[in-house]
Amino acid sequence: VSTQSTGSSGINAEYGEDSSHIWVQRCADGAALIALMNQMRSELISDPPLAGSYTPRHGDLCVAIFSVDSNWYRAKITKIHKDTGLIDVLFVDFGNSASVSSSDLAQLSHQFSSLPSAAQECKLAFIVPPEDDDWKQDAMSELQVLANAKLVLTIVAKVAGVDFVSLSSNGTDIATHLLSSGLVEYEKQKNRNRYGSLMSQYESALNDARKNRRNRFQYGDFTKMTPRSSGTPNSQMITRVVPGCF
């Protein structure tokens, strides 16, 4: 686990896999990304790729059609299903995934690969989403409301290559709000020197949810979290409809 304390303003939340696992974009990258996508799509429309001309390979950067809006997006191939012929892709500028047919893939021209992927994967530091489907959806909905604004991101730690972050929306810390609302839990960290302030903040918020019997605590306290030296929140997939902002 490495730690940082870098703050970045002007962050947009683009896609959420659950109430702790999200993908963000820097607002400053927006104009360049829009210009790239417009030019890329224009060339693909004027000179459509020939059927069968592209052979997908695992790990390739390519372009893929997203079925909901039928537009081309930059994508990375994450899995090839030989039994069905479908290919799993990650839309690298937005963070969501889809399974597509090979006919909906094409080679990415070099001129459109120079701009780095716009989506950054991160997790709300040590936040654990609920396991129950109903509460899971409620937590996700609350996150979407809070994230529908420019955000300030602070990196708390890096675990297995993923940034563990705090996100604030209009001065409200999102993780603390979700805890105080009784919608999520957190993994207690033994290293109080490193995470003591954050753990105290989380504990106070969760105690407030218990005291006021909010949401998951409406029938009392039924959770006891075990401290860990470092932790990674669970990830449960909640699918977004199209690439784009919350």
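The structure displayed is predicted, hence computed values, not measured ones.

1. Examining helix H4 (residues 192–211)
Reasoning step 1: The terminal C-alpha atoms of H4, which comprises 20 residues, lie only 24 Å apart, well short of the 28 Å expected from a rise of 1.5 Å per residue.
Reasoning step 2: The largest bend along H4 measures about 35 degrees and falls at leucine 198.
Reasoning step 3: All of the buried residues in H4 are Tyr195, Gly196, Leu198, Met199, Tyr202, Ala205, Leu206 and Ala209.
Reasoning step 4: On its buried face, H4 is in contact with strand E9 (127–128), strand E10 (151–159), helix H3 (174–180) and strand E13 (185–186).
Reasoning step 5: Taking the backbone nitrogen of asparagine 193 as reference, a side-chain oxygen 3.3 Å away marks asparagine 191 as the first, capping residue of H4.

2. Re the nonpolar core
Reasoning step 1: In terms of nonpolar packing, the biggest core is built from 38 residues, with Phe126, Ile127, Leu153, Leu167, Ile174, Leu179 and Tyr202 touching the most fellow members.
Reasoning step 2: Among the secondary structure elements, those contributing two or more residues to this core are strand E1 (7–16), strand E2 (21–26), strand E8 (120–124), helix H2 (133–146), E10, strand E11 (162–169), H3 and H4.
Reasoning step 3: Sorting elements by how many residues they give to this core places H4 first, with seven residues.
Reasoning step 4: Residues in contact with isoleucine 174, not counting those within four places in the same chain, are Leu124, Leu143, Leu146, Leu151, Leu167, Ser168 and Ser169.

3. A few points about the environment of alanine 119
Reasoning step 1: Among the secondary structure elements, alanine 119 is positioned in the loop between strand E7 (105–107) and E8.
Reasoning step 2: Taking the C-alpha atoms as reference, alanine 119 lies 9.0 Å from alanine 13; in sequence the two are 106 residues apart.
Reasoning step 3: Contact partners of alanine 119, with chain neighbours within four places excluded, come to Trp23, Val24, Gln25, Val92, Asp93, Phe94 and Gly95.

4. Quick notes on helix H1 (residues 30–46)
Since the α-helix packs 3.6 residues into each turn, any two residues three or four apart lie on the same face.
Reasoning step 1: Here H1 spans 24 Å end to end across 17 residues, near enough to the 24 Å set by a 1.5 Å rise per residue.
Reasoning step 2: What H1 keeps buried is the set Gly30, Leu33, Leu36, Met37, Met40, Arg41 and Leu44. For H1, the angular spread of the buried residues around the axis is 130 degrees, confining them to a single face. Of the residues in H1, the exposed ones pointing more than 90 degrees away from the buried face are Ala31 and Ser46.
Reasoning step 3: Close packing links the buried residues of H1 with E2, strand E3 (61–66) and strand E4 (71–80).

5. Here we look at the packing of aromatic side chains
Reasoning step 1: Following the criterion strictly, the structure yields seven aromatic pairs and no others.
Reasoning step 2: A ring pair is formed by phenylalanine 66 and phenylalanine 91, whose centres lie 5.3 Å apart and whose planes are at 90 degrees; its orientation type is edge-to-face. Highlighted residues: phenylalanine 66 in strand E3 and phenylalanine 91 in strand E5 (residues 86–91), separated in sequence by 25 residues. We note that phenylalanine 66, like phenylalanine 91, is buried.
Reasoning step 3: A ring pair is formed by phenylalanine 126 and phenylalanine 164, whose centres lie 5.4 Å apart and whose planes are at 65 degrees; its orientation type is edge-to-face. Separated by 38 residues along the polypeptide, phenylalanine 126 in the loop between E8 and E9 and phenylalanine 164 in strand E11 bring together distant segments of the chain.
Reasoning step 4: A relative accessible area of 0% places phenylalanine 126 in the buried class.

6. Observations regarding the pairing of E4
Reasoning step 1: By the bridge criterion, six bridges tie E3 to E4 in an arrangement that is antiparallel. Note that in E4 the partner of phenylalanine 66 across the bridge is asparagine 71.
Reasoning step 2: From the end of E3 to the start of E4, which pair antiparallel, there are four residues, and serine 70 there has a positive phi angle of about 60 degrees.
Reasoning step 3: In this sheet, E5 lies alongside E4 in antiparallel orientation, the contact comprising five bridges. The partner of lysine 76 across the bridge, within E5, is leucine 90.
Reasoning step 4: The antiparallel hairpin formed by E4 and E5 contains five residues in its connecting segment, where glycine 85 sits at a positive phi of about 80 degrees.

7. Side note on the confidence of the model for the protein chain
When pLDDT is low, close inspection of the predicted coordinates is not appropriate.
Reasoning step 1: Considering every residue of the protein chain, the mean pLDDT works out to 85; 86% of them sit at 70 or more.
Reasoning step 2: Here residues 1–5 scores under 50 on pLDDT; set against residues more than four positions off or in separate chains, the count is 18 contacts.
Reasoning step 3: Scored below 50 in pLDDT, residues 224–246 makes 83 contacts in the model with residues more than four places away or belonging to other chains.

8. Focus: the sheet that holds E3
Reasoning step 1: The five strands are arranged E6-E5-E4-E3-E7 in an open sheet whose pairing can be described as antiparallel. Each end of this open sheet is capped by a strand with a single partner; those strands are strand E6 (97–101) and E7. Looking at each pair of strands side by side, their axes are set apart by 50 degrees on average, direction ignored.
Reasoning step 2: Bridging between E3 and E7 involves three bridges; their strand directions are antiparallel. Bridging from a neighbouring strand, cysteine 62 pairs with glutamine 107 of E7.
Reasoning step 3: Here H1 sits on the sheet and contacts E3 and E4; the angle it forms with E4, its principal contact strand, is near 90 degrees.

Scoring rules and cut-offs
Residues numbered from 1 in each chain as written. Predicted model: local features only at pLDDT ≥ 70, side-chain atom pairs only at ≥ 80, totals over all residues. Heavy atoms only, no water. Helix = DSSP H or I, 4+ residues; strand = E, 2+ residues; numbered from the N terminus. Expected span 1.5 Å × (residues − 1). Bend = angle between axes of the 7 residues up to and from the residue. Buried < 20%, exposed > 50% of the residue type's maximum accessible area, 1.4 Å probe, protein only. Contact = heavy atoms within 4.5 Å. Polar contact = N/O pair within 3.5 Å; in protein donor to acceptor, adjacent residues only side chain to side chain. Core = buried A, V, L, I, M, F, W, Y, C linked by side-chain atoms within 4.5 Å. Arc of directions from axis to C-beta. Phe/Tyr/Trp six-rings, centres within 6.5 Å; stacked < 30°, edge-to-face > 60°. Pairing = 2+ DSSP bridges. pLDDT = per-residue confidence, 0-100. Axes fitted to C-alpha atoms, helices over the stretch in contact; angles between N-to-C directions.

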